[in-house]
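Fold and geometry: a report
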Amino acid sequence: MKREYSIIGKPTGNVDGAAKTTGEAKYCFDMSLPNQLYGKHLRSPYAHARILSIDTSEAEKLQGVKAIITGKDVPGGKWGLWRRFRELCDQIALADDKVRFIGEPVACVAATTKDIAEQAIELINVEYEPLPGVFDPLEAIKDDAPLVHDDFENNINATRHIEWGNVDEGFAQADYTREDKFTCFPQAVASMEVHNSLASYDKGSKRLTVWSSTQSPYYLQLGLADALKMREGDIRVIKPHVGGGFGGKNSTMPDSTSAALLSMKTGRPVKIVFNREEEFISTEHRTGMHVALKIGLKKDGKIVARECKVITDGGAYTGLGATALYLSGIFQTFPYKIPNYRYDAFRTYTNKVWATSVRGFGATPTVYCAESQLDRAAKDLGIDPLQIRKMNVMEPGYEAPGQYKVDSCGIMPCIEKMEKRIKEKWPKVEENEGIGFSAFAYMSGGIFNWIDTPYAYSGARVQVNIDGTVDLFTQASDIGQGHNTVSVMICAEELGIGMEDIRLHPADTATTPVDLGAWGSRETLMNGNAIKMAAGQIKQKLVDLARAKLGENIAYDLVAKDKRIYLELRPERGFSYYDIVRDAIKLNDGEPLIGTGHYTPHNKGMISPAYGMGIMAIKAKVDKEIGHIEPQGVLIVHDCGQEINPLGARGQVEGSVHMGLGYCLCEDMPNDNGMLLNPSMNDYKIVRQRDMPQIELMDVPTYEAEGPFGAKEAAEATIAPTAPALANAVFAATGAEFDSNVLKPEKVLKAIRAAEAKKAQKK
Amino acid sequence: MATWYKCPVCRKLSREHHDLARHYLGQTNKEHKDWLKKVGLSYAELITMQVTEFGNKGYDALAEVLKKEAQEVEVDVK
Ligand SMILES: [Zn+2]
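Predicted model only: the values in this text are computed from it and were never measured. (Residues numbered from 1 in each chain as written. Chains lettered and ligands numbered in written order. Predicted model: local features only at pLDDT ≥ 70, side-chain atom pairs only at ≥ 80, totals over all residues. Heavy atoms only, no water.)

Some words on the packing of helix 10 (residues 363-381) of chain A against helix 11 (residues 385-392) of chain A
Residues and elements named next belong to chain A. What counts is decided by this rule: Axes, fitted as lines to C-alpha atoms, cover a helix only where it is in contact. Angles between the N-to-C directions of the axes lie from 0 to 180 degrees. Secondary structure elements are taken from DSSP: a helix is a run of H or I of four residues or more, a strand is a run of E of two residues or more, and numbering for both begins at the N terminus. Relative orientations are named as follows: roughly parallel for angles under 35 degrees, roughly antiparallel for angles over 145 degrees, roughly perpendicular for angles from 65 to 115 degrees, and oblique for any other angle. Whether two residues are in contact is decided by their heavy atoms: any pair within 4.5 Å suffices. For this classification, Asp, Glu, Lys and Arg are treated as charged, while Ala, Val, Leu, Ile, Met, Phe, Trp, Tyr, Cys and Pro are nonpolar and the rest, including Gly, are polar.
It is the contact of helix 10 with helix 11, at a shortest axis distance of 9 Å, that shows an interaxial angle of 110°. Between helix 10 and helix 11, the angle falls in the class roughly perpendicular. Within the contact between the two elements, helix 10 uses Glu371, Leu374, Asp375 and Ala378 and helix 11 uses Pro385, Ile388 and Arg389. Split by residue class, the contact of helix 10 with helix 11 holds four nonpolar, no polar and three charged.

Printed below as a string of structure tokens:
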């Protein structure tokens, strides 16, 4: 049934759009406090070295230097996001006994100006004893490899095994099997706003306030509590506007811990802003990995078994890498029914900055491998790429034993719509052109509770005042994806009022109910449910009062819409929302009306309460002389349930395609013995706006019963299919097969030559 | 009652030696690694076989050793 809404589903400009485009919106980057000091880190030049001594005496003499901290000044222990498994909480504020990657902070200076802080770190003398390092996962696990962390033998940080069905029997039944090996290279996060924090400690009350560019104020509050040995409640984290996170701002990082420690030491506010080089060499990125993939199919294209082996280059710490490892195994099975599946994965510590969840959360690398392999198998079997996908996709209610269950599921209608549209849009391809496909699915927030929170996954509080205005409090994080707008839209729709009636108070741990933050495309479904519940409580009070005043039969339904509460079948019988609110507050002993809401998924398997899904096609032209790939157009059919804000959803899709094209074509992090060779935006190549192909987006709306107003994921899903769809377009055009991402011209030429040689050999 | 097999290092019980091998190579602590050295196996070699070659060569090799080494336990599986 198609539902009609007043606000939901209408393309809506962001509530903070005007402030952002005029420069009025305040990011942490823009903030300063009276008497503020500036912090700067001294970083390790070694990938692996023991720290023998640190002499700060010369730096301390420099005029304007107010405090210097080293590892010895850190009161707390280690921290991490895997608080459920303390051995994986391996992060430290400042290196104490040894450094584990080039760029790891060893000391931090607070000074009256940025220049003085920079001069001061040059005066700190650190004596190191260099140690041999490990830089590749297959080297890291060797018995004689140097250990990154002494307690982790063979540098194994985490392992994952997923299995269902009987894989060996499945392969035995297959008419066709194929094995491919891939190397997936890492990808930088490259947010517009770098990591930065402003900390202010009040020595009287012993309370700390931190403003930070974070994806999760709650995670930061917990990380700071562990690092500083303080109570969570004595730390207030405020997230101002954030210029992008993409997974790189979930962990508590030294910008916050050092700013806090220096503020505690000096009693003055301290601000730390990483420069772009620091951002590249010392903050988290997408995981690099070796992938071995085997698929078994029947002659007709039905998948009977898949086996996947993964070993990842985790870097020096855990971050959310252990979760990404699991999801790399899960999302490559989507959106297919694979009856027999086995996944073995190992995450290694290496002497590099560490890898974590980045947009697509583990899905992006392995979906690239799996979708590339599927097209090769389809070609060998003489089956059309869309047909082979249609033959294997899930239907509503599909369950992967012990792992996940899929309720709303529009993948088949998506492919059918794609089949129809593609014939109209791209009826034929010219020489050296090809169309590639990739199906996709992604979570609407994760069920996993690695952080071990006792709170609901998301909370919201709604207060309705005497004049009908609404104050909406929630810790959910808008990091540029538009969740502030989605929050207000959901609240306004539920109460039947206008967005202009609502004032949003987001992301402040002192005043808002906990939300786990913006990751895994979770805010719309999880926080949306909490807001809808909180607003719904108030709506119920207003409806009950209106019903009593009308003296109507209890069976008659009332609705809250267009700022009125009225009988659904006789709209003329009702009241103004504002009048009812005034009466309700008078009857409430003069207290404003308060509604509270929360959401935690239950009985939804191990992964997510719901899955967005769809199919992507990319048309590309390949220059066979120089190996250049030109993406000419992108066509996407997306099932994201009921769209809350189609304009915001479109922005998310465009951003994902942009980052996915970079992953496929040019974003590369070459590393020489732990040294990143391109730590600047000059040398790290992202796709420019003018090189972006046109994107056509269609939807197949389903209704997701678990989501607010039927909504589910409408954010990250489209990054993972972008690289394989483009690689498959090149494969269709030239027969070139790739065993890695970053398809630079020389790699493309080599693959084309190999494909031509293979073809000649067959003849 | 059924015969299950006990991990030589921790209390984990598995129905099959192969499953026990899978458990074993999933452990990251020193105790599990040390026992491997004692029976003359290399964790690195087993993992390398397991992740770089198709099939279950790493698990298979360890399962062969566990057939001799893992204690049998009668388990009430009702
Ligand atoms: Zn054990």
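Let's talk about the layout of surface pockets
Stated precisely, the cut-off is as follows: Residues are said to line a cavity or pocket when one of their atoms sits within 4 Å of a point; the points come from a 1 Å grid over protein atoms alone, cavities being sets where a 1.4 Å probe fits but cannot get out and pockets being open sets with protein on both sides within 12 Å along at least five of seven lines. Grid points are joined across faces, edges and corners, and a volume is the space filled by probe spheres set on the points.
Size it by volume and the second largest pocket reaches roughly 1,000 Å³. As for the second largest pocket, its lining consists of 38 residues, and the residues nearest its centre are Trp82, Phe85, Thr159, Arg160 and His161 of chain A. Broken down by secondary-structure element, the contributors of at least two residues to the lining of the second largest pocket are strand 7 (156-164) and helix 9 (321-331) of chain A together with strand 2 (13-14) and helix 1 (17-25) of chain B. Counting residues per element, the lining of the second largest pocket draws most heavily on strand 7 of chain A, which supplies five residues. Broken down by class, the residue content of the lining of the second largest pocket amounts to 16 nonpolar, 13 polar and nine charged.

Description of the interface of chain A and chain B
So the rule is basically this: In short, buried area is how much 1.4 Å probe accessible area vanishes from two parts on joining, totalled over both. Salt bridges are defined as contacts in which a side-chain nitrogen from Lys or Arg sits within 4 Å of a carboxyl oxygen from Asp or Glu. Here a polar contact is recorded for every N or O atom pair within 3.5 Å, except that within protein the pair must consist of a potential hydrogen donor and a potential acceptor, and residues adjacent in sequence are included only if both atoms are side-chain atoms.
With 27 residues of chain A at the contact, the number on the chain B side is 20 residues. Across the chain A/chain B interface, buried area totals approximately 1,900 Å², and carbon plus sulfur atoms make up 59% of it. Considering only the surface of chain A that becomes buried against chain B, Glu153, Lys309 and Phe346 of chain A emerge as the three largest contributors, covering 30% of it. Where chain A packs against chain B, one counts two salt bridges. Where chain A packs against chain B, one counts 11 residue pairs in polar contact (both at pLDDT 80 or more). Those elements giving two or more residues to the side of chain A that touches chain B turn out to be strand 7, strand 8 (176-184), strand 14 (288-297), strand 15 (303-313) and strand 16 (341-348) of chain A. Looking at which element gives the most residues to the side of chain A that touches chain B, the answer is strand 7 of chain A, with six residues. A class-by-class count of the residues in the side of chain A that touches chain B yields 10 nonpolar, four polar and 13 charged.

Remarks on the sheet that holds strand 8 of chain A
Residues and elements named next belong to chain A. Which entries qualify depends on this criterion: Any two strands with at least two DSSP-identified bridges between them are counted as paired.
Strand order in the open sheet formed by five strands is 7-16-15-14-8, and the pairing between neighbours is mixed. Looking along the sheet, the strands with just one partner apiece sit at the ends: strand 7 and strand 8. Put simply, the sheet's adjacent strands are angled 5° from each other on average, direction ignored. The sheet contact formed by strand 7 and strand 16 spans eight bridges and is antiparallel. Across the sheet, the residue bridging to Ile162 is Tyr343, located in strand 16.

Some thoughts on the environment of Asn728 of chain A
Residues and elements named next belong to chain A. Summarising the element assignment, Asn728 is placed in helix 17 (residues 722-734). Note: C-alpha distance between Asn728 and Asp375 (353 residues apart in sequence) is 6.8 Å. When neighbours within four sequence positions are excluded, Asn728 is seen to be in contact with Glu371, Ser372, Asp375, Arg389, Ile435, Gly436 and Phe437. Engagement of the side chain of Asn728 in a polar contact is seen with the side chain of Asp375, the distance being 3.3 Å.

Overview of helix 17 of chain A
What counts, and what does not: In this analysis, the expected span of each helix is defined as 1.5 Å times one less than the number of residues it contains. Buried means the residue's accessible area, taken with a 1.4 Å probe over protein chains only, is under 20% of the maximum for its type, while exposed means over 50%, and partly exposed covers the values in between.
Taking 1.5 Å as the rise per residue, helix 17 of chain A with 13 residues should run 18 Å; its terminal C-alpha atoms sit 18 Å apart, in good agreement. Buried within helix 17 of chain A are the following residues: Thr722, Ala723, Pro724, Ala725, Leu726, Ala727, Asn728, Ala729, Val730, Phe731, Ala733 and Thr734 of chain A.

A word on the domain arrangement of chain A
Residue and element names in this part refer to chain A. The condition is simple: Domain start and end points were adopted from an automatic or database domain assignment.
Taken domain by domain, chain A consists of domain 1 (17-24 + 457-599), domain 2 (31-131 + 190-282) and domain 3 (407-443 + 609-763). Taken together, the contact pairs eight residues of domain 2 with nine residues of domain 3. Here domain 2 packs against domain 3, burying approximately 720 Å² in sum over the two surfaces, 83% of which is carbon and sulfur. Summed over the three residues of domain 2 that lose the most area to domain 3, namely Ile102, Ala190 and Phe280, the buried surface amounts to 63% of that side. Linking domain 2 with domain 3 are zero salt bridges. Counting across the domain 2 and domain 3 interface gives zero residue pairs in polar contact (both at pLDDT 80 or more). For the side of domain 2 that touches domain 3, the per-class residue count stands at six nonpolar, no polar and two charged.

Remarks on unusual backbone geometry
All names here are of chain A. In the segment running from Phe334 into Pro335, the intervening peptide bond is cis, with an omega of -15°. You can see Pro335 is positioned in the loop between helix 9 and strand 16. Of note in the backbone geometry, Lys229 takes a positive phi value of approximately 50° without being a glycine. Mapped onto the fold, Lys229 is located in the loop between helix 6 (217-228) and strand 11 (235-238). The exposure class assigned to Lys229 is exposed, which follows from its relative accessible area of 63%. The phi angle at Val742 is positive, at roughly 60°, despite the residue not being glycine. Mapped onto the elements, Val742 comes out in the loop between helix 17 and helix 18 (745-762). Among the residues examined, Val742 registers a relative accessible area of 3% and is labelled buried.

Notes on the coordination of the zinc ion
Six octahedral donors around a metal ideally subtend angles of 90 or 180 degrees, whereas four tetrahedral donors ideally subtend 109.5 degrees. All names here are of chain B. Spelled out, the test is: The rule for donors is simple: N, O or S, within 2.8 Å of the metal, or within 3.2 Å if the metal is Na, K or Ca. Water isn't counted, so a site may look like it is missing partners. Labels for metal geometry use angle windows, namely 85 to 135 degrees for all angles of a four-donor tetrahedral site, and for square planar (four donors) or octahedral (six donors) sites opposite donors over 155 degrees apart plus all others within 65 to 115; sites meeting none of these are irregular.
Surrounding the zinc ion are the protein donor atoms Cys7 (SG), Cys10 (SG), His23 (NE2) and His32 (NE2), which sit 2.1 to 2.3 Å from the metal. If you look at the zinc ion, its four donor atoms make angles of 101 to 116° with each other, and the shape they trace is tetrahedral. Positions of the donor residues of the zinc ion, expressed as sequence spacing, correspond to C-x2-C-x12-H-x8-H. Here His23 lies in helix 1 and Cys10 lies in the loop between strand 1 (2-6) and strand 2, a separation of 13 residues in the sequence. Relative accessible area serves as the criterion here: at 13%, His23 is assigned to the buried category.

What to know about the environment of Thr252 of chain A
Residues and elements named next belong to chain A. Position of Thr252 among the secondary structure elements: in the loop between strand 11 and helix 7 (254-266). Assessed through its relative accessible area of 2%, Thr252 is described here as buried. Note: C-alpha distance between Thr252 and Trp79 (173 residues apart in sequence) is 8.3 Å. In contact with Thr252, other than residues within four places in its own chain, are Trp79, Gln91, Tyr219, Leu220, Gly223, Leu224 and Thr257.

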